[in-house]
Amino acid sequence: MMKRLLLTILFIAPIVVNAGPSSQAAWTSKTLKFVKNGNLDKGRELAGSCTSCHGDKGQGMKEETMDDETLPAIPALAGQVATYTYKQLRDYFNGDRSHESMTSIAKGLSEQDAADLAVWYASLPLPVNKSPGQKFARAEKMVEQGDGKRILPPCFVCHGAKGQGEKQDIPALAGQQADYFTRTLLAYKNGQRHNDIYSRMRLIAGQLSDAEIRELAQYYQQLK
């Protein structure tokens with residue numbers, strides 16, 4: 001346990017020194033309470049307009065190819081940490097994260113709407129994807145042990161032993177669409193996405209190979 005703690009400290013220290021915030025989200029006790037007290041009924045009502053993309057149970061959608069056009073995967077929102085979903089919606093609203101569709105949608109949502117949607121999706125069970133029986137030895141090692149040579153902490157330290165996520169801005173990963181997961185980490189890796197506080201995910205993804213990213217995505221998609 002001490003070794004993992006030291007590894008995490010070694011990882012975090014240079015980030016705090018060399019990187020600055022890239023999101024306007026501020027986790028004060030007032031904001032945390034505001035999100036926690038989001039209205040479930042209102043959130044369920046608002047989510048009715050999200051089902052065509054994110055699914056009727058918040059399960060998201062796989063990447064598909066139709067008429068020679070690739071439709072990118074859409075993330076699962078069910079079971080997601082409420083404060084994480086809230087932060088993403090507000091980052092879209094503030095311009096700290098950009099997406100052709102989500103930016104315009106988020107611009108039409110108030111802070112209360114974002115909180116209501118966040119708690120509604122958090123109340124749903126995490127998606128369950130059938131395991132194809134694949135082995136993910138490399139991903140499991142990264143999740144459970146990390147990589148000391150690259151000063152990479154185990155994924156579970158932040159995202160939980162079951163990929164359930166943690167408070168504030170650390171998302172649940174279990175059941176997430178693998179194609180979306182892969183695209184997200186690649187976006188962090190090449191700097192296209194930059195709304196992670198103190199560049200944490202950019203620094204991690206930047207040290208992962210594309211093959212490692214794809215395997216981690218498959219591992220978390222089938223994790224229950």
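Model, not experiment: these values are computed from the prediction. (Residues numbered from 1 in each chain as written. Predicted model: local features only at pLDDT ≥ 70, side-chain atom pairs only at ≥ 80, totals over all residues. Heavy atoms only, no water.)

**Looking at the environment of Gln-176**
Inference 1: Examined against the element boundaries, Gln-176 turns out to sit in the loop between α9 (156-159) and α10 (178-189).
Inference 2: It is 6.7 Å that separates the C-alpha atoms of Gln-176 and Tyr-220, two residues lying 44 residues apart in sequence.
Inference 3: When sequence neighbours within four positions are dropped, the list of residues in contact with Gln-176 reads Pro-75, Ala-76, Gln-80, Tyr-220 and Gln-221. (Helix = DSSP H or I, 4+ residues; strand = E, 2+ residues; numbered from the N terminus. Contact = heavy atoms within 4.5 Å.)

**Quick notes on helix α5 (residues 82-94)**
Inference 1: The end-to-end C-alpha distance of α5, which contains 13 residues, comes to 18 Å, matching closely the 18 Å that a straight helix rising 1.5 Å per residue would cover.
Inference 2: Across the 13 residues that make up α5, a large majority, 11, are buried.
Inference 3: Restricting attention to buried positions, one finds in α5 the residues Ala-82, Thr-83, Tyr-84, Thr-85, Tyr-86, Lys-87, Gln-88, Leu-89, Arg-90, Asp-91 and Tyr-92.
Inference 4: Of the surrounding secondary structure, the elements contacted by the buried residues of α5 are α2 (29-36), α6 (102-107) and α7 (111-123).
Inference 5: Positive backbone phi, at 85 degrees, marks Gly-95, one or two positions downstream of α5. (Expected span 1.5 Å × (residues − 1). Buried < 20%, exposed > 50% of the residue type's maximum accessible area, 1.4 Å probe, protein only.)

**Section: the packing of α10 against helix α12 (residues 210-221)**
Inference 1: Viewed as axis vectors pointing N to C, α10 and α12 meet at an angle of 145 degrees, and their least axial separation amounts to 8 Å. Pair α10 / α12 crosses with right-handed handedness. Contact residues: Ala-178, Phe-181, Thr-182, Leu-185, Leu-186 and Lys-189 in α10; Asp-210, Ile-213, Arg-214, Leu-216, Ala-217, Gln-218, Tyr-220 and Gln-221 in α12.
Inference 2: Among the residues making up the contact of α10 with α12, the classes are represented as eight nonpolar, three polar and three charged. (Axes fitted to C-alpha atoms, helices over the stretch in contact; angles between N-to-C directions. Left-handed = near helix turned anticlockwise from the far one by under 90°. Nonpolar A, V, L, I, M, F, W, Y, C, P; charged D, E, K, R; others polar.)

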